[in-house]
Amino acid sequence: MVRRLLPDNESVLPLLSEERWRARGYDRALAQAAALGPDGVIEWVTAAHITGRGGAAFPTGKKWASVARTTDPIKYVVMNADESELGTFKDRVLLSGDPWGPLTGLAIAAYAVGARDAFLYVRGEYPEIEALLKDAFGWTRWAGPLADRLTFHLYRGGGAYIAGEETALINSIEGKRPEPRVKPPFPTQRGLWDHPTVIQNVETLANVALVLAHDPEWYRAVGTPSAPGTKLIAVSGHVRRPGVYEVPMGFPLWPVLMDPDYGGGIGGSGRLQAVLIGGAAGTWLTADECREARLDNESLRAYGASLGSGAMMVFDDTVNIWRILGQVARFFAHESCGQCVPCRIGTQRLVEQLTGDRQPDYQQLRELGEAMRDASICGLGQTAPQALLSYLDRPALWR
Amino acid sequence: MILLVGSNAAETHPILFQHIMKGVRRGAQLLVIDPRRTMTAAKAHEHIQLAVGSDIALLNAMAHVIIRDGLIHQAFIDRATDGYEAFKDSVAGWTPERAAAVSGVPVTQIEHVARTYARADRAMIAWTLGITEHHNAVDHVFALINLALLTGHVGRPGTGLNPLRGQNNVQGGGDMGALPDRLPGFQPVGDESARRRFETAWGVTLSARPGLNQSQMFEAMREGTIRGLYVIGENPLVSEANSGHIVEAFNRLDALIVQDVVMTKTAARADVVFPARVSFAESTGTYTNSERRVQLVRAARRGPGESRDDLWILSALARALGYDWPTVSAAEVFDEMRALVPTYRGITYEALEASRGIQWPCPSEGHPGTPVLHTRLWDEVVTPRVSFQPVEWVPPAEPVDSRYPFRLTTGRRLAYFNTGVQSRAYGHPDPEREWLELHPDDAITLAVGEGDMVRVSSRRGQVVVPVRVTTSVPPGTVFLSFHFPDETPTNVLSIDATDPRSGTAEFKAAAVRIERVNERG
Amino acid sequence: MGNDVTMTIDGMTVTVPYGTTIRAAATMAGHPVPTLCWHEHLAPANACRACVVEVEGSRTLVAACSREVEPGMVVRTTSERVQRARRVVAELLASASDASLAPSLEALCRDTGAHPENWGGATWHQPVRDDNGLYVRDYAKCILCYRCVEACGDQAQNTFAISVAGRGFHAHIDAGWDRAMPESDCVFCGNCVAVCPTGALIDRTEWTLRQNGQWDDAAITTTDTVCGYCGVGCGLTLHVLDNRIVKVTSPPDHPVTHGMLCVKGRYAYQYVQQEEAAGED
């Protein structure tokens, strides 16, 4: 078992103590960053091939380089801790187990791109995380210049899933309605208050801290060549041991369900029907597919799936998948901001079709889903029909 | 950078204000100088809230600061202007400290505004009647021109001096010689060669003596030297300052003719009323707007009953008086005019039909018009040069005192227009009535609250009006519009102290007393 | 040519100035894309998604109204994916809203072969809001194109009286706490009405005439003239029915107005035709 992101022996030290920060190697990370200079940090992050862990898997080094390049003297960095995807709770576990990792990564990001203000956008339903982070801000007194030069601003999400979408998150911090903005321009060009902005998922920033605490080569020693490092997987549903597990990228899916160190086997009836991977916006994998699949985007692409935020919701053979689809549809209809037509009305029609009495027309549903996927503004509308479409692709799940 | 002086453009020129706000969105600074915190001032980056009538003190102090801090445009001054040294001397005593004492604007803010204006890459000044409705109106305008000359903020896109016209065709009326000393095209009546051209074209002899401006006409009516008056599309009994005084003048007339689209209070007193057609909807012609854009006006409907358009009435009147006037179309009148007015010469009805208006000067047919005026000031050699006009601040004609302790200033509100002839009864949901804007501090002193009725009295008259308690006015200053003359004839209060050069009265500064009356609004 | 961009639209090579949107480029190339929410004087809201096109290399379809062209961009405006998305957009909108006064939506339905009747489900049907004397809000016709919000906000009027409230299917235009317009910040310029593409916002005079079956497009004449109020010189179009002005608009191409007016220019015209009242003081 690999433990990189999740603390191991250091857990005996007080959570917010400087000793624990040092024991995790984050003092080394900040010192290393300062020694490398901003360009050197970006080179390391690029060399480590870190990709975004929030779902979009965009190369982190590339994002930072584009912000660092801009001539705007004002730049911002944001930690996106608005974790709201169904079945996703890895950022909560990570922050409550090792707040120093993401925070150190955030300070490194700010240093690399030249930002003096760091924003933390924390899900409103995570008050304990919010309190923890506020306490952690005291580290600027002892953690050295990279932390001390920063001003931290904590924003609490107001209970909208859409605010986790990075441009909606920007609007939310600015005090506006959390509707996604048009991209391009990307936040890296015009983000918070129109200044270039780096927005990173909590787990991504923790990976950054690890790279700087060690080196890119150490970092790439686990995982796959195209996706090095580890991934936090939130396993929920019909397994014996639900929880957050850290696995190397490319790790086989099956043992995460079955191995005693991980899911510990199928719960409920004990017979696996399917896994919804990637959260509500994810893809169904049949039991057969679960035997073969590996946990990295490159290999999951063969199933039309992606890791997304790293959620695996497990369903035994007693569950009516159709009803799950209806619940997923209700979730998106409730969380759609209403800005664009495919999502605003499409999510409503999906609910009606999936929960109504009428026998749905699969062809019509597929067309709706594909139009939502193709024509919605943001990831919410684009992925809202994903579970449905993957279900339609898998007659084995039909009953 | 946009400097609005005495202008509540958001309410009085809403569509122009949209353009201003587009500029603000693109990064322009908006500074508003106004005694009231208007809807416009509320949108500004900075609101300079000066005492009513202290504009020249403030503007001279801005010039002082610009000179003192070395922010003048020396090359422009050297090349394009005359009289800089004398002007410099005239503002030497106008330190910001002195202006602060007069205007109530802090020294630091005066300095900030001056520097912002002078340092701007491009800066324009626009003003409305807050500048010109004073007894020394022309001096107010000179004080603004001096600032533009000091800094070279004139004659280039994004700069300049822009009076925002209050009526649809104030500009066009002036262009057409509706000024006592001008022929069409601003050609002076005293200019013999200009006069000759018109005499030849019209076959009559023209007086070289300037006529009377409106205030002088009222005075002449009072003195009995004017005994007949022909009023076209005006409601002076209601719209003029110190209207009680105006009524006396009208009482002395032998004959009053009023030509209007509705029976105004002035028309009701007339010996003869000519029912006119509404120019923008029922007749043909042109209007010229604040940016000198000449545009076609077209009839969209038949006027009611026996109404006729202004051209028909004037021609018929001339014929009735024994002149052999032919029947001509508006286009023919326009053609005759443009032959005599160089700035309009290239503007034809055909060109107007084919465009959304043409900005004069347009010297020849096919010329696209001139969006920016005074570009010649940036020529290598400037002839004639423009002169600085040193001006001195004087307080408003009527000081506030213990009997009349409040400063009344007047103006328009968004939903209504002038004396309400056009803007009443169209279904606007706002209450159709006047209210007095009063600062909360003053409301406490006077022991009045929102909606209480008060009597507002000046040395000339009084009105009774409900109170609206608001911080839009500073303590000691109150505001009334003049849109509801039937219930609230505001202009019985205003003072007819008038600038002899422009004939404009000091609507913006009367001294009044306010007393609670026991009646609820 | 440093300021030009060369790209391909439907197999045709076009060169357009840098900063041109795909929509504008497609129009220049003679392959216009349909739009509902886009308005020439407002920032693109990107809401309706009727204008989506396929851009090679892009995972999803792209809104042509707002995306600027890039060198070498390959755009397809009528691919199968595009057609399907447009048809579904048309069906969704027409299944929820009353399109009877929305010519652009009716055209989109027609051109895409949409069958909105295939979807039942919830609609936007709701009572008409007739709470001020000047315009009526018939939100059953609203397609939430954001034009009114933009025109009321920083794209024109800068009043900010209305915004979108609620979420998902229940997102709607609101003046704050569901207030009636006279209680809101509204200044009744009617610029929201001017930009509304569906008749959800409609002048009260027109609405009343339509209710009474007296509105007759064929009998209405339009005449361009200039506003008679202040000195800004706004261009007006007077819509006259039976010698009565029944509506005032401004030409969208007018350099002074861009189609926007103030409350006086748009609504304060009744004095022109109060013949019966002319004798009164």
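Preceding block: the structure.
Remember, it's a predicted structure, so these values are computed and weren't measured experimentally.

## Quick look at the pattern of salt bridges
Note on pairing: side chains with opposite charge can pair once their charged atoms come close. For the coordinates displayed, the defined rule picks out 70 salt bridges over all chains. Its salt-bridge partner being Arg84 of chain C, residue Asp374 of chain A comes within 3.1 Å of it at the nearest N-O pair. Of this pair, Asp374 of chain A sits in helix H16 (residues 362–375) while Arg84 of chain C is found in helix H2 (residues 80–96), placing the two residues in two different chains. Exposure remark for Asp374 of chain A: the relative accessible area of 0% places this residue in the buried category. For Arg501 of chain B, the salt bridge is made with Asp499 of chain B, and the minimal N-O distance between the two is 3.2 Å. Given the relative accessible area of 0%, Asp499 of chain B is considered buried.

## Side note on the interface of chain B and chain C
Contacts between chain B and chain C engage 54 residues on the former and 55 residues on the latter. In this assembly, chain B packs against chain C so that about 4,600 Å² is buried in total across both faces, 57% of it on carbon and sulfur atoms. Of all residues in chain B, the largest losses of buried area upon contact with chain C belong to Phe280, Arg301 and Arg356 of chain B, amounting jointly to 16% of the total for that side. Summed over the shared surface of chain B and chain C, the result is three salt bridges. Residues Arg356 of chain B and Asp224 of chain C are paired through a salt bridge, measuring 3.0 Å at the closest nitrogen-oxygen approach. Joining chain B to chain C, the criterion identifies 22 residue pairs in polar contact (both at pLDDT 80 or more). Contributing elements (two or more residues each) for the side of chain B that touches chain C: helix H1 (9–12), helix H2 (14–25), helix H3 (39–43), helix H17 (279–282) and strand S13 (293–297) of chain B. With eight residues, H2 of chain B is the single largest residue contributor to the side of chain B that touches chain C. Grouping the amino acids of the side of chain B that touches chain C by side-chain chemistry returns 24 nonpolar, 15 polar and 15 charged.

## Looking at the arrangement of the chains
In this assembly two pairs of chains touch, with chains B and C having more contacts than any other pair. If you take every C-alpha in chain A and every C-alpha in chain B, the smallest gap between them is 13 Å, and the two do not touch.

## Thoughts on the sheet that holds strand S2 (residues 30–33) of chain B
Residues and elements named next belong to chain B. Judged by pairing direction, the sheet is parallel, and its five strands sit side by side in the order S3-S2-S1-S5-S6 without closing on themselves. Across the chains shown, the open sheet's two edge strands, defined by having one partner strand only, are strand S3 (46–48) and strand S6 (160–163). The sheet shows a mean angle of 20° between the axes of neighbouring strands, direction not considered. When strand S1 (residues 2–5) meets S2, the two strands line up parallel, connected through four bridges. Paired with Leu3 across the strands is Leu31, a residue of S2. Most of the contacts of helix H10 (residues 137–151) go to strand S5 (residues 124–127), to which it runs at about 170°, and overall it touches S1, S5 and S6.

Definitions and cut-offs
- Residues numbered from 1 in each chain as written.
- Chains lettered and ligands numbered in written order.
- Predicted model: local features only at pLDDT ≥ 70, side-chain atom pairs only at ≥ 80, totals over all residues.
- Heavy atoms only, no water.
- Salt bridge = Lys/Arg side-chain N within 4 Å of Asp/Glu carboxyl O.
- Helix = DSSP H or I, 4+ residues; strand = E, 2+ residues; numbered from the N terminus.
- Buried < 20%, exposed > 50% of the residue type's maximum accessible area, 1.4 Å probe, protein only.
- Contact = heavy atoms within 4.5 Å.
- Buried area = accessible area lost by both parts, 1.4 Å probe.
- Polar contact = N/O pair within 3.5 Å; in protein donor to acceptor, adjacent residues only side chain to side chain.
- Nonpolar A, V, L, I, M, F, W, Y, C, P; charged D, E, K, R; others polar.
- Pairing = 2+ DSSP bridges.
- Axes fitted to C-alpha atoms, helices over the stretch in contact; angles between N-to-C directions.

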